[in-house]
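Single-letter residue listing:
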Amino acid sequence: MARVDPSIAAPGRLLRLLIYCGIFLLPFFFSSSVDASVHSYVGDKFAPKGNAFVLHGGSEGLYASLPDPNATAGPGDAFIRFEKITFRRPEQATENSKDTDNVMVQAIVFEVEDRETIGGSAYGGQRAVCCTADLAKLGACTQGTVIYRPSTQNPNWPQVLVASFSGKDLVATLPSHSIPITRTGMYNLYFIYCDPALSGLAIEGKTVWKNPTGYLPGRMAPLMNFYGLMSLAFVILGIFWFSQYVRFWKEVLPLQNCITLVIALGMFEMALWYFEYAEFNETGLRPMGITFWAVTFGTVKRTVSRVIILVVSMGYGVVRPTLGGLTSKVIMFGATFFLASEILELVENVGSVSDLAGKARLFLVLPVALLDAFFILWIFTSLSKTLDKLQARRLMAKLDIYRKFTNALGVALVLSVCWICYELYFKSTDIYNERWQNAWIIPAFWQVLSFSLLCVIADLWAPSQNSKRYAYSDDGTEDFDREDSFSLIKPGPIPSKDTRGSAASIDARAAVISNTTTSNNGDIEEDKRE
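Here the structure is a predicted model, which is why all the values come from computation and not from measurement.

Examining the packing of helix H6 (residues 288-313) against helix H9 (residues 396-428)
Each pair of packed helices can be described by the angle between their axes along with the distance between the axes.
Here comes step 1: Close contact between H6 and H9 brings their axes to 12 Å; oriented N to C, the two are set at 140°. As the angle between them shows, H6 and H9 are arranged oblique. Of the two elements, H6 crosses H9, and the hand of that crossing is left-handed. Across from Ile 309, Val 312 and Ser 313 in H6, the residues of H9 making contact are Tyr 402, Phe 405 and Leu 409.

Side note on a nonpolar patch on the surface
Here comes step 1: A contiguous nonpolar patch, built from Leu 232, Val 235, Ile 236 and Ile 239 and spanning about 380 Å² of accessible area, is present on the exposed surface.
Here comes step 2: Here Leu 232 shows up in helix H4 (residues 221-247).

Quick notes on the pairing of strand S3 (residues 52-62)
Here comes step 1: The buried count for S3 comes to 10 of 11 residues, which makes it a mostly enclosed element.
Here comes step 2: When strand S2 (residues 47-49) meets S3, the two strands line up antiparallel, connected through 3 bridges. Within S3, the position partnered with Ala 47 by the bridge is Val 54.
Here comes step 3: The turn linking S2 back onto S3 is made up of 2 residues, and Gly 50 within it adopts a positive phi angle of 65°.
Here comes step 4: Pairing analysis gives 9 bridges linking S3 to strand S9 (residues 185-193), with the strands arranged antiparallel. Following the sheet pairing, Phe 53 is matched in S9 by Tyr 193.

A short note on the pattern of salt bridges
Here comes step 1: Using the criterion set out here, one finds 11 salt bridges in the structure.
Here comes step 2: With its nearest N and O atoms 3.5 Å apart, the salt bridge here joins Glu 83 to Lys 206. Pair noted here: Glu 83 is in strand S4 (residues 79-88) and Lys 206 is in strand S10 (residues 202-210), with a separation of 123 residues, a long-range link.
Here comes step 3: The class for Lys 206 is partly exposed, based on a relative accessible area of 33%.
Here comes step 4: Residue Glu 111 is joined to Arg 183 by a salt bridge in which the shortest nitrogen-to-oxygen separation is 3.9 Å. One end of the pair, Glu 111, is in strand S5 (residues 102-111); the other, Arg 183, is in the loop between strand S8 (177-180) and S9, and 72 residues separate them in sequence.
Here comes step 5: Look at Arg 183 and you get partly exposed, because its relative accessible area is 23%.
Here comes step 6: Residues joined by salt bridges that share partners form a network here, namely Arg 81, Glu 83 and Lys 206.

A short note on the UniProt feature "transmembrane region" (unreviewed entry) in the protein
Here comes step 1: Sequence positions flagged by UniProt for "transmembrane region" (unreviewed entry) are, in local numbering, residues 226-246, 258-275, 326-344, 364-384, 405-425 and 440-462.
Here comes step 2: Span residues 258-275 is 100% helix and 0% strand, its end C-alpha atoms 26 Å apart.
Here comes step 3: Overall, residues 326-344 shows 95% helix and 0% strand. The separation of its end C-alpha atoms is 27 Å.

Quick word on the state of the cysteines
What we call a disulfide is simply a covalent bond connecting the sulfur atoms of a pair of cysteines.
Here comes step 1: Summed over the entire model, instances satisfying the criterion amount to 2 disulfides.
Here comes step 2: Paired by a disulfide, Cys 130 and Cys 194 hold their sulfur atoms 2.0 Å apart. Residues Cys 130 and Cys 194 are joined by a disulfide whose S-S torsion is about -85°; by sign, that bridge is left-handed. Of this pair, Cys 130 sits in the loop between S5 and helix H3 (133-137) while Cys 194 sits in the loop between S9 and S10, and the two are 64 residues apart along the sequence. Pair check on accessibility: Cys 130 and Cys 194 agree, each one buried.
Here comes step 3: One disulfide bridge connects Cys 131 with Cys 141, the sulfur atoms lying 1.9 Å from each other. In this structure the cystine formed by Cys 131 and Cys 141 twists about its S-S bond by roughly 80°; its chirality is therefore right-handed. Of the two residues, Cys 131 sits in the loop between S5 and H3 while Cys 141 sits in the loop between H3 and strand S6 (159-166), which places them 10 residues apart along the sequence.
Here comes step 4: If the cysteines joined by disulfides in the protein are listed in sequence order, their pairing comes out as 1-4, 2-3.
Here comes step 5: Just so you know, Cys 418 is unpaired, no disulfide at all, and the nearest cysteine sulfur is the one on Cys 421, 6.6 Å from it.
Here comes step 6: Look at Cys 421 and you get partly exposed, because its relative accessible area is 46%.

Rules of the game
Position numbers for residues count from 1 along each chain, tracking the sequence in the order it is written. Reporting in this predicted model follows two pLDDT cut-offs: at least 70 for local features of residues, and 80 or more for side-chain atom pairs to be given and counted; totals over whole chains, interfaces and linings ignore these cut-offs and use all residues. Water and hydrogen atoms were dropped before computing side-chain values, which therefore reflect all heavy atoms in the structure. Angular values range over 0 to 180 degrees, each being the angle between N-to-C directions of two axes fitted as lines to C-alpha atoms, with helices fitted over their stretch in contact. Helix and strand assignments come from DSSP, with helices taken as H or I runs of at least 4 residues and strands as E runs of at least 2, each series counted from the N terminus. Each angle is binned into one of four classes, with values under 35 degrees roughly parallel, values over 145 roughly antiparallel, values of 65 to 115 roughly perpendicular, and all other values oblique. If you view the pair so one helix is near and one far, a crossing is left-handed when the near helix is turned anticlockwise from the far one by less than a right angle, and right-handed when it is turned clockwise. Residues count as neighbours in contact if any of their non-hydrogen atoms are within 4.5 Å of one another. Each patch is assembled from residues with relative accessible area greater than 30% and no salt bridge, linking like charges that lie within 9 Å and nonpolar side chains (Val, Leu, Ile, Met, Phe, Trp, Tyr) that lie within 5 Å. For the accessible areas, the method is Shrake-Rupley and the probe is 1.4 Å, while residue cover comes only from the protein chains on display. What makes a salt bridge here is a side-chain nitrogen of Lys or Arg within 4 Å of a carboxyl oxygen of Asp or Glu, nothing more. Using a 1.4 Å probe on the protein chains alone, a residue whose accessible area is under 20% of its type maximum counts as buried, one over 50% counts as exposed, and one in between counts as partly exposed. A pair of strands is labelled paired if DSSP reports no fewer than 2 bridges between them. UniProt positions are given in the numbering used here, feature names are shortened, and annotations may be inferred rather than shown by experiment. Two cysteine sulfurs form a disulfide in these notes if their separation is within 2.5 Å.

Printed below as a string of structure tokens:
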């Protein structure tokens, strides 16, 4: 009875493990807060910055309102709207207050190109956000307020709103107000107060940011159409692959079942991302359920794709029937990559719009980057060994497939390194997100690259009438590491007297084996051409 190695079931075991990991992460998902183009503030506290106390209210790329002379408000309007913004100070902050005191909190909105109009300094000294006594003497500003100058591009900007505490009041309210966007740019909102007596101040309320075409932030808006196109591309690939799969289902290999899974996951992922962005654009709130499943499908797809490339590089399913003792290592490594990637993607996408802070992002990105690097090293090391074995055995049909596979991986690796360098350059030279309109191409490139590599793999290992002939059984042995001579040359009885006859017999058997091997290789090449 043939022994079935557990590595044959490795993809299925890995998929079940990933599902269990996803269920484990569900509590984290449901505990995430919702934040989007509707920026909510719930008890947020101010932080000292120089001589001011500052709270960042949001940053988004906004396009100018579409011209519509027949309407004062409508779907084509772009704006930032303040709704029910209240500030609450602790009771101890009012102990030294007088009934005549008037303490202000200011909300300032400016376009990133006008950032130099905020703050100032007296006599070329240290730059301050709040007006100092020296600047007030010069008549440049009013002491205790934020320093700003009118923009040279738009004299009506920056926009400043004020909430005031009168006497011993504990609560101050910012009047509801909508700021129309008449110029395309990256807009920033900061809440600032200058009086240290307001220490412990907290804010509640929300602001709504809207583009002419919907609530999607400007840097994310092009991705909705992109994911729509990617969904169509996956449908086309799926039609090709599934038609071949159904046509030659009796010849399907375990490897081709894994490729089918990756294509199906990709179709679901792209469709979910498109509907997530469409819902976000319509309501201004990220739908946590759709976002969670889009992230999870994408992470499972990337994990399974990497594991498939790794096991193919090892020769599994094509030139060897099992992975032997490597099965558990591959599964655990894949599960580790899934967990690290899933946590990163959930934190970046579920309920958030703004990019993570540098240190927080580095903490989550670094493990994924290291695991990816180890994947690449393991893949190319395994590929090198597999190519050497195929070359030594002269399995030319399989060698041709693996050479094309290696070339595709090499091109993908070179493009990845080049794009990483460009991405580092892009982000290091765009500190203030001034090139936000082009930022969408960075995540889009990775989707296109992975899809292109999937197309190459689908073309190389597409189901056909000859699929079974390229499985590991064609090698004539289940042990890929054994030499051909041990399995092809079978010892026979050697006559003790006629040594010449013995030599002739051995030569004859060697000739027959050589002819048979040549014939088989010729058949394989002929089948491959078919």
